[in-house]
Amino acid sequence: MTEPSAPQVHGVRRRVARFFARHPRAALGAQLSAPGGWLLIIYIGSLAALILTSLFRLVDDPTGLVTKLDTSIGFGNFDRVISQPVYRAVALRTLGAAATVTVIDAVIALPLAFYMGKVASQRARRMLVVAVTLPLWAGYLVKGYAWRALLDPGGGAFQEVFGHSLGFGYASSIVVLAYLWFPFMVIPLYAGFDRLPDSLLEASTDLGAKAGRTFVSVVVPQIVPSLVAGSIFTFSLTLGDFYMNRIVGGTTEFIGNIVYRQFSVDLPFAAAYAVIPIVIMVGLLLAVRRTGALDEL
Amino acid sequence: MTTPAVAARTVTKRFGTITAVDGVSVEIAGGEFFSLLGPSGSGKTTMLRMIAGFELPTSGRIELDGEDVTRQPPFDRDVNTVFQDYALFPHMNVRKNVEYGLRVKGVAKSERRERAEAALHTVRLEAFGERKPDQLSGGQRQRVALARALVNEPKVLLLDEPLGALDRKLREEMQLELARIQRDVGITFIFVTHDQGEALTLSSRVAVFNAGRIEQVGTPREIYEAPATEFVASFVGTTSVIGEEAAAALLGESTARVLRPERVRMATAATAPEGCVQAPGTVADVQYHGDGTRVRVEIDAGASLVAELPNRHEGESVPALGDRVTVEFDRSDLMTLERSTSHDQPIGEKP
């Protein structure tokens, strides 16, 4: 043989290929090991670390000068989260903001997405998709400080032009967050409307239904999965946000702000407080799943 | 003549620079099974959509029972449509789909139930009321769409290629079913199809569409046996055209004539019998298709004649490619076209 090594390599590769061909489960395992490992270690791992940390507590050294981490398991942190009115209020405020942002985005996005998906010409559609997603190209902080410049009660654009500004506070946080997460509501809804066959709308009209009836009886039920998808985005993004408050929120604090502040002071408590949005999201997803809306995603 | 159930009066529809329907006038009587037949893009579906109210004619009028409905929205017209893709509401079960039109009109629940049951009975789907559309086969969905339209007892039922998505066997079953239902309910059916066999089988009358115009309106027999134009002759069934020069050489008259393949046979006698014409030629193509063999013969007089030879006897000789043969046909089977296309002499009155 002129090239003795070639058949050797060929033989090994062949054997490996043959092994995987005969053992489809092993092949599947090999394929999934990288993404599976990533999911397990980085994602679930960090979540487990968070939950574990939330069960520890800090104790003062007898000298009172240093604090030590007590790694015995207990629910003291959660007790504090629930029993102290401040923390309860912040959690409820964040929840309220997430719900309000979601409703605002849905109300504005529904007609726009309907126009984009069902009425506009192909050209106008493309332009609208670009227009809606364009803000995503700008950085978070850029948008935050741009809004700060608009809202500033002492000489911001709104103050100068309209003589009135929302100023910095809860309402401003909600407005800016609704602006920030708007594309995440519009795009799934647009995709939903785009998928909705024209013939369904025509059939409804043909059977005697006027526009309002068709919207309620045919369009909405078909668009619910998209609405749920968009809502999960806007809701969870708002729930986890904390920095926009520092830019336009004045003294308003969300869950994230508390976690951020406590992180360096009392890590186990910060961890316990961070578990709250996770619990809320899990609860929400379970509730949504019950309605069957996730089946069609 | 009594008031037609549906009438189009010089209806034209333009989409930008494209004229989809070009000055079409047609009258359809009550209780007819009327087909709009034509190739895709010939304007038949646009015509149907204008009757349904989904498209507004650029000019002209649509009348239902003599009443001008051109500008009436679909929900005000006493017309229902069976869509090509069925357009069943996926989130409603079969019964709710069928009841939809009645629910919208505010019919009481018990009556709604009853009429939906009756409509499902008509299409033989009584047992499927609780199923969702995605749990049905194509043929069943088709019948649900039919029931959903019929339950409203419209004056006219519009069907847009309703059998297009079905396989051949199911298609033939549904054709019989459609014909039976139309007889039973007695509603005027307007049926859009590109399948000439379907149109001939089902219809009481057929309008043949080409390039936005009607080439011919007539009974299936008239359309097939006396096609008015070359387009109709070639679109409905296969035809051989004997051009003017060939006709002069072969028939002694210089008028173009057309001939159906089943009227052409292989000559058996050496000389043409009384009333027959014989034409020698060369076999140019042979197609076997089960119940017959289709042979194309380039005749010496300068035309291409297709002969449909039944496969009757085993061992019967079938001509082979390149053979010299003589074909024969009755003079009386020759058809004369009134005009080459409708564009020389449109059927619709000029606005």
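Residues numbered from 1 in each chain as written. Chains lettered and ligands numbered in written order. Predicted model: local features only at pLDDT ≥ 70, side-chain atom pairs only at ≥ 80, totals over all residues. Heavy atoms only, no water.

Brief notes about the interface of chain A and chain B
- Counting residues at the interface gives 17 residues for chain A, matched by 22 residues for chain B.
- Taken together, the two surfaces of chain A and chain B that pack against each other cover about 1700 Å², and 60% of this comes from carbon and sulfur.
- Considering only the side of chain A, the residues that lose the most area to chain B are Glu202(A), Asp206(A) and Leu207(A), jointly responsible for 38% of the buried surface there.
- Our enumeration of links across chain A and chain B arrives at one salt bridge.
- For Glu202(A), the salt bridge goes to Arg49(B), with nearest N and O atoms at 2.6 Å.
- At the junction of chain A and chain B, the tally comes to eight residue pairs in polar contact (both at pLDDT 80 or more).
- Grouping the amino acids of the side of chain A that touches chain B by side-chain chemistry returns six nonpolar, seven polar and four charged. (Contact = heavy atoms within 4.5 Å. Buried area = accessible area lost by both parts, 1.4 Å probe. Salt bridge = Lys/Arg side-chain N within 4 Å of Asp/Glu carboxyl O. Polar contact = N/O pair within 3.5 Å; in protein donor to acceptor, adjacent residues only side chain to side chain. Nonpolar A, V, L, I, M, F, W, Y, C, P; charged D, E, K, R; others polar.)

Examining a nonpolar patch on the surface
Residue and element names in this part refer to chain A.
- A cluster of nonpolar side chains, contributed by Trp38, Leu39, Leu40, Ile41, Ile42, Tyr43 and Ile44, occupies part of the molecular surface with about 790 Å² of accessible area.
- On the secondary structure map, Ile41 appears in helix H2 (residues 24–54).
- On the basis of relative accessible area, Ile41 is assigned to the exposed category, the value being 64%. (Patch = residues over 30% accessible without salt bridge, like charges linked within 9 Å, V, L, I, M, F, W, Y side chains within 5 Å. Areas by Shrake-Rupley, 256 points an atom, 1.4 Å probe, with all protein chains shown as cover. Helix = DSSP H or I, 4+ residues; strand = E, 2+ residues; numbered from the N terminus. Buried < 20%, exposed > 50% of the residue type's maximum accessible area, 1.4 Å probe, protein only.)

Remarks on unusual backbone geometry
Residue and element names in this part refer to chain B.
- For Ala87, which is not glycine, the phi torsion reads 55° and is therefore positive.
- For Ala87, the position within the fold is in the loop between strand S6 (79–82) and helix H2 (94–104).
- The backbone phi angle of Arg124 is positive, close to 60°, even though this residue is not glycine.
- For Arg124, a relative accessible area of 47% gives the class partly exposed.

So, the pattern of salt bridges
Residue and element names in this part refer to chain B.
- Taken as a whole, this structure holds 34 salt bridges over all chains when the rule is applied.
- Across the pair Glu99 and Arg95 runs a salt bridge, and its minimum N-O distance is 3.4 Å. Residue Glu99 and its partner Arg95 are located together in helix H2, separated by four residues, close to a single helical turn. When sorted by exposure, Glu99 lands in the same class as Arg95, which is buried.
- In this structure, the salt-bridge partner of Arg221 is Glu225, at a minimum N-O distance of 3.2 Å.

Digging into helix H3 (residues 76–83) of chain A
Residue and element names in this part refer to chain A.
- When H3 is considered as a whole, its buried residues turn out to be Asn77, Phe78 and Val81. The buried residues of H3 all sit within an arc of 95° when viewed along its axis, so they share a single face. Projecting away from the buried face of H3 at angles above 90 degrees are the exposed residues Asp79 and Ser83.
- Against the buried residues of H3 lie H2, helix H4 (85–119) and helix H13 (267–291). (Arc of directions from axis to C-beta.)

Remarks on the pairing of strand S16 (residues 303–310) of chain B
All names here are of chain B.
- With six of eight residues buried, S16 lies mostly within the body of the structure.
- Summarising the sheet, strand S15 (residues 292–299) and S16 pair through eight bridges and their orientation is antiparallel. Paired with Val295 across the strands is Ala307, a residue of S16.
- Between the antiparallel neighbours S15 and S16 lie three residues, among them Gly302 with a positive phi of about 100°. (Pairing = 2+ DSSP bridges.)

As for the domain arrangement of chain A
Residue and element names in this part refer to chain A.
- For chain A, the assigned domains are domain 1 (6–54) and domain 2 (77–296).
- Of all residues in domain 1, Leu50, Thr53 and Ser54 bury the most surface against domain 2, accounting for 84% of the area lost on that side.
- Scanning the region where domain 1 abuts domain 2 turns up zero salt bridges.
- Remark: the boundary between domain 1 and domain 2 carries one residue pair in polar contact (both at pLDDT 80 or more). (Domains from an automatic or database assignment.)

Some details on the packing of aromatic side chains
- Here the structure, examined in full by the defined rule, presents 19 aromatic pairs over all chains.
- Here Phe54(B) and Phe83(B) contribute two aromatic rings whose centre-to-centre distance is 5.8 Å and whose plane-to-plane angle is 35°, an arrangement assigned as tilted. Taken together, the positions of Phe54(B) in the loop between helix H1 (44–52) and strand S4 (59–64) and Phe83(B) in the loop between S6 and H2 put the pair 29 residues apart, joining distant regions of the chain.
- Accessibility expressed as a relative area gives 6% for Phe83(B), which makes it buried.
- An aromatic cluster is built from Trp147(A), Phe158(A), Phe162(A) and Tyr179(A), whose rings are joined through pairwise contacts.
- We note Arg148(A) situated over the ring of Phe168(A); from NZ or CZ to the ring centre the distance is 4.5 Å.
- The side chain of Arg260(B) reaches across the aromatic face of Tyr224(B), ending 3.9 Å from its centre. (Phe/Tyr/Trp six-rings, centres within 6.5 Å; stacked < 30°, edge-to-face > 60°. Lys NZ or Arg CZ within 6 Å of the ring centre and 35° of its normal.)

A short note on the sheet that holds strand S11 (residues 240–242) of chain B
All names here are of chain B.
- Reading across the sheet, the three strands line up as S11-S12-S18 and stay open at both edges, with antiparallel pairing between neighbours. With partners counted over all chains shown, the strands left at the sheet margins are S11 and strand S18 (335–336), one partner each.
- Two elements, strand S12 (residues 257–259) and S18, share two bridges in a ladder whose sense is antiparallel. Bridging from a neighbouring strand, Arg257 pairs with Thr336 of S18.

A short note on the packing of H2(B) against helix H3 (residues 109–122) of chain B
Residue and element names in this part refer to chain B.
- It is at 9 Å that the axes of H2 and H3 come closest, and there the two elements cross at 120°. On the basis of their axis angle, the class for H2 and H3 is oblique. Both H2 and H3 take part in a crossing whose hand is right-handed. Every residue of H3 that contacts H2 at Val94, Arg95, Val98, Glu99, Leu102 and Arg103 is listed here: Arg112, Arg113, Arg115, Ala116, Glu117, Ala119 and Leu120. (Axes fitted to C-alpha atoms, helices over the stretch in contact; angles between N-to-C directions. Parallel < 35°, antiparallel > 145°, perpendicular 65-115°, else oblique. Left-handed = near helix turned anticlockwise from the far one by under 90°.)

Comments concerning the nonpolar core
- One finds Met47(B) and Ile190(B) to be the most contacted residues of the largest nonpolar core, which totals 53 residues.
- The dominant element in this core, judged by the number of residues it contributes, is helix H8 (residues 170–195) of chain A, at six residues.
- Those residues within four positions of Met47(B) in sequence are excluded, and the remaining contacts are Ala8(B), Val11(B), Val21(B), Val24(B), Leu36(B), Ile62(B) and Phe209(B).
- Counting 34 residues, the second-largest nonpolar core is a separate cluster that includes Tyr86(B), Leu102(B), Ala116(B) and Ala179(B). (Core = buried A, V, L, I, M, F, W, Y, C linked by side-chain atoms within 4.5 Å.)

Quick look at H2(B)
- In terms of burial, H2(B) is a largely internal element, nine of the eleven residues being buried.
- Listing the buried residues of H2(B) in full gives Val94(B), Arg95(B), Asn97(B), Val98(B), Glu99(B), Tyr100(B), Gly101(B), Leu102(B) and Val104(B).
- Those residues of H2(B) that are buried are in contact with helix H9 (198–206) and helix H10 (211–240) of chain A together with H3 and helix H4 (138–150) of chain B.
- Between the side-chain oxygen of the N-cap and the backbone nitrogen of Arg95(B) there are 3.3 Å, and the N-cap of H2(B) in question is Asn93(B).

Structural notes on the confidence of the model for chain B
Residues and elements named next belong to chain B.
- Summary statistics for chain B give a mean pLDDT of 89 and a share of 95% for residues scoring 70 or more.
- Mean pLDDT in chain B bottoms out at helix H9 (residues 244–251), which sits at 85, and peaks at strand S3 (residues 33–37), which reaches 96.
- Across residues 342–351 the pLDDT falls below 50, and counting only partners more than four positions away or on other chains, this stretch makes 19 contacts in the model.
- We note a pTM of 0.77 for the whole complex and an ipTM of 0.81 for its interfaces. (pLDDT = per-residue confidence, 0-100.)

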